[in-house]
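Summary of the model geometry
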Amino acid sequence: MAAAAAAAAAAGGLVPAARVRVVLVDGLAAANARLMPAWRAVCDRGLALDVDVGFPTVSLPVEVALWTGLTQQQTGILMRSDHPLVPPLADGIPAHVPGSRAIAEDHGWIVRSLGFADVRPPADPSDPSKVKDAEPAAWREIWMSRAYDAVASDARLAFVHVLRVDTMGHRTGRASAAYAATAGAADAIVDTLVAAAPDARWFLLSDHGHLDDGGHGGEERELRRVQACIAGSGVAHGNGGPIHIVDVARALADSLGVKLDPAALGRPLAQALAAPLDGDQAVPGLPLRTAAIAIFIVIVGGVTSYVAARRWWLLPWWFVIACVSLALVRGLPTLSMAMVYAPAGRAMYVTWLPALAVCAIASYAGTRDMRAWRVAVAQLALPAATLAAVITACGAWHTLLGAPIAPVVPHYTAWLSALLLIASHGSAVVALAVLGRIVRSAFDRHAPRGTPRSEPAGA
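1. Some words on the overall build of the protein
From N to C terminus, the protein includes 19 helices and eight strands. Its C-alpha atoms give the protein a radius of gyration of 29 Å, clearly above 23 Å, the size a compact globule of 459 residues would have. Considering the protein as a whole, with its 459 residues, one finds that 52% of them fall into the buried category. With an accessible surface of roughly 21,300 Å², the protein has 62% of that area assigned to carbon and sulfur atoms. Positive and negative side-chain charges of the protein, numbering 37 and 35 respectively, have mean locations separated by a distance of 11 Å.

2. Here we look at the layout of surface pockets
Taken as a whole, the largest pocket encloses approximately 570 Å³ of empty space. Lining the largest pocket are 23 residues; nearest its centre among them are V58, R80, S81, H170 and H216. Of the residues forming the lining of the largest pocket, the biggest block, three residues, is contributed by helix 8 (residues 164-172).

3. Focus: the nonpolar core
Ranked by internal contacts, the top residues of the largest apolar core, which has 51 residues, are V22, W67, F159, F203 and I245. Here this core gets seven residues from one element, more than from any other, and that element is helix 11 (residues 245-256). If we ignore the near neighbours within four places in the chain, the residues touching F203 are L14, V20, R21, V22, V23, C229, I230, V248, A251, L252 and S255. Counting residues in each nonpolar core, the second largest holds 35 residues, with V23, L28, A147 and L193 among its members.

4. A word on the sheet that holds strand 5 (residues 157-162)
Spatial strand order, 4-3-5-1-6-7-2-8: eight strands in an open sheet with mixed pairing. Looking along the sheet, the strands with just one partner apiece sit at the ends: strand 4 (118-120) and strand 8 (238-244). Going from strand to strand, the sheet's axes swing by 15° on average, the running direction of each strand aside. Across the face of the sheet, helix 4 (residues 59-68) comes into contact with strand 1 (20-25), strand 5 and strand 6 (201-205) while running at roughly 165° to strand 5. Contacts between helix 7 (residues 136-152) and the sheet are confined to strand 1, strand 3 (101-104), strand 4, strand 5 and strand 6, with strand 3 contributing the most and set at about 150° to the helix.

5. Notes on the side chain of S100
Here S100 shows up in the loop between helix 5 (72-75) and strand 3. A polar contact of 3.1 Å, which involves the side chain of S100, links it to the backbone oxygen of P94. The residues touching S100, leaving out its near neighbours within four places in the chain, are P94, F116, A117, D118 and L157.

6. Things to note about a nonpolar patch on the surface
Taken together, the side chains of W312, W313, W317, V320, I321, V324, L328, V329 and V358 present a nonpolar region at the surface, about 900 Å² in accessible area. Per element, the largest residue contribution to the nonpolar patch is six residues, and it comes from helix 14 (residues 317-330). Note on placement: L328 falls in helix 14. Since its relative accessible area comes to 70%, L328 is described here as exposed.

Criteria and cut-off values
- Residues numbered from 1 in each chain as written.
- Predicted model: local features only at pLDDT ≥ 70, side-chain atom pairs only at ≥ 80, totals over all residues.
- Heavy atoms only, no water.
- Helix = DSSP H or I, 4+ residues; strand = E, 2+ residues; numbered from the N terminus.
- Rg over C-alpha atoms; globule rule 2.2 N^0.38 Å.
- Buried < 20%, exposed > 50% of the residue type's maximum accessible area, 1.4 Å probe, protein only.
- Areas by Shrake-Rupley, 256 points an atom, 1.4 Å probe, with all protein chains shown as cover.
- Lys, Arg positive; Asp, Glu negative; His and termini not counted.
- Charge placed at Lys NZ, Arg CZ, Asp CG, Glu CD.
- 1 Å grid on protein atoms, 1.4 Å probe; cavity = no way out; pocket = protein on both sides within 12 Å on 5 of 7 lines; lining within 4 Å.
- Points joined across faces, edges and corners; volume = space filled by probe spheres on them.
- Core = buried A, V, L, I, M, F, W, Y, C linked by side-chain atoms within 4.5 Å.
- Contact = heavy atoms within 4.5 Å.
- Pairing = 2+ DSSP bridges.
- Axes fitted to C-alpha atoms, helices over the stretch in contact; angles between N-to-C directions.
- Polar contact = N/O pair within 3.5 Å; in protein donor to acceptor, adjacent residues only side chain to side chain.
- Patch = residues over 30% accessible without salt bridge, like charges linked within 9 Å, V, L, I, M, F, W, Y side chains within 5 Å.
- Salt bridge = Lys/Arg side-chain N within 4 Å of Asp/Glu carboxyl O.

Structural data, given as structure tokens:
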């Protein structure tokens with residue numbers, strides 16, 4: 001422990017503390033955290049931080065980053081809804097702290113994934129997926145007292161996960177009065193817990209914010225940037241950031257005398273404060289090689305449509321109209337929008353129905369004096385190539401072939417749902433237009449006239 005303390009101090013990190021307490025208010029937006037009196041009181045006597053949780057803004061992946069010091073892209077844990085880690089983390093910070101305790105208000109599968117020695121609530125033994133909590137109604141009545149006991153105990157590390165703010169964010173959105181009131185209720189919980197162990201080193205933070213209308217998961221800055229506080233012995237007063245969530249993981253590890261994985265990117269706290277993140281630095285970029293391949297695919301598709309069309313009006317204008325309509329009416333798709341998931345996909349496709357009418361008219365008119373295959377290529381080569389380019393950018397080809405890989409990248413994954421629908425709808429419209437032309441041609445075809453006969457003489 002002495003060696004760990006000396007190493008942390010020499011590197012500019014926090015020195016170990018006797019007791020470390022962490023409260024994470026799930027789904028708490030930074031703007032609301034700054035209005036919470038108990039939260040602000042902790043920040044005012046310690047260090048207030050702006051923290052970037054990275055991408056995607058989803059609870060379990062972010063919390064795995066918090067407790068391992070590895071980014072979401074390093075762990076590969078990107079999108080998990082009701083899918084706990086089985087077995088739980090074996091190399092995270094909690095697994096290296098004997099007697100570590102975790103209490104969850106609800107959705108206990110999240111904290112049960114993190115490798116704590118003692119986790120409450122336990123999983124329902126009758127649920128093979130290990131998602132459901134045991135006796136949830138009874139737990140709601142006693143969870144706060146259990147959280148208080150854990151915080152007040154002699155355990156070196158105690159973690160309390162408060163879920164109610166996230167639940168309300170999904171129901172009513174961040175801009176609602178109900179969300180603000182729920183944030184106030186969470187602040188009362190923070191006040192009670194901090195009073196139970198005033199001499200501990202406290203970490204307060206969130207895992208993501210919420211959109212005004214509710215939702216998270218995407219790369220939006222207002223979702224990624226949350227507020228955190230570190231207070232207690234050995235923590236200087238001040239403020240700083242933005243720093244990365246893995247920098248907070250390093251501060252936790254130093255506070256507990258735990259070594260992180262050698263691949264962990266978290267910086268000692270003093271170094272992180274001296275070099276705050278710039279803009280969207282925490283959002284993973286698209287590799288240059290992948291971007292070049294995707295652009296090449298789009299170019300090939302565009303050239304193919306142009307060569308096949310021959311006429312300007314036979315170019316796939318409907319596809320351009322469909323994409324622009326979606327962006328103008330619904331906004332640029334992100335993983336925070338419910339419309340990119342079924343059954344809310346209806347919110348997408350109703351925006352491009354007029355574009356499909358343009359597709360039908362152009363396709364039907366084109367087949368009047370052009371071969372059907374050529375019209376189909378003109379109308380569909382660019383949409384198909386754009387879809388293929390986005391699949392390439394997402395790294396989703398393996399997923400389409402059945403690999404259990406989450407193709408989650410900023411921007412492009414959200415567009416994937418829309419482009420799949422647009423391309424499939426356009427293909428169906430082109431096929432119907434061609435079929436319509438074939439049917440009409442069949443009905444318009446007249447029977448051949450017979451050979452004229454001369455009338456008999458004398459008739």
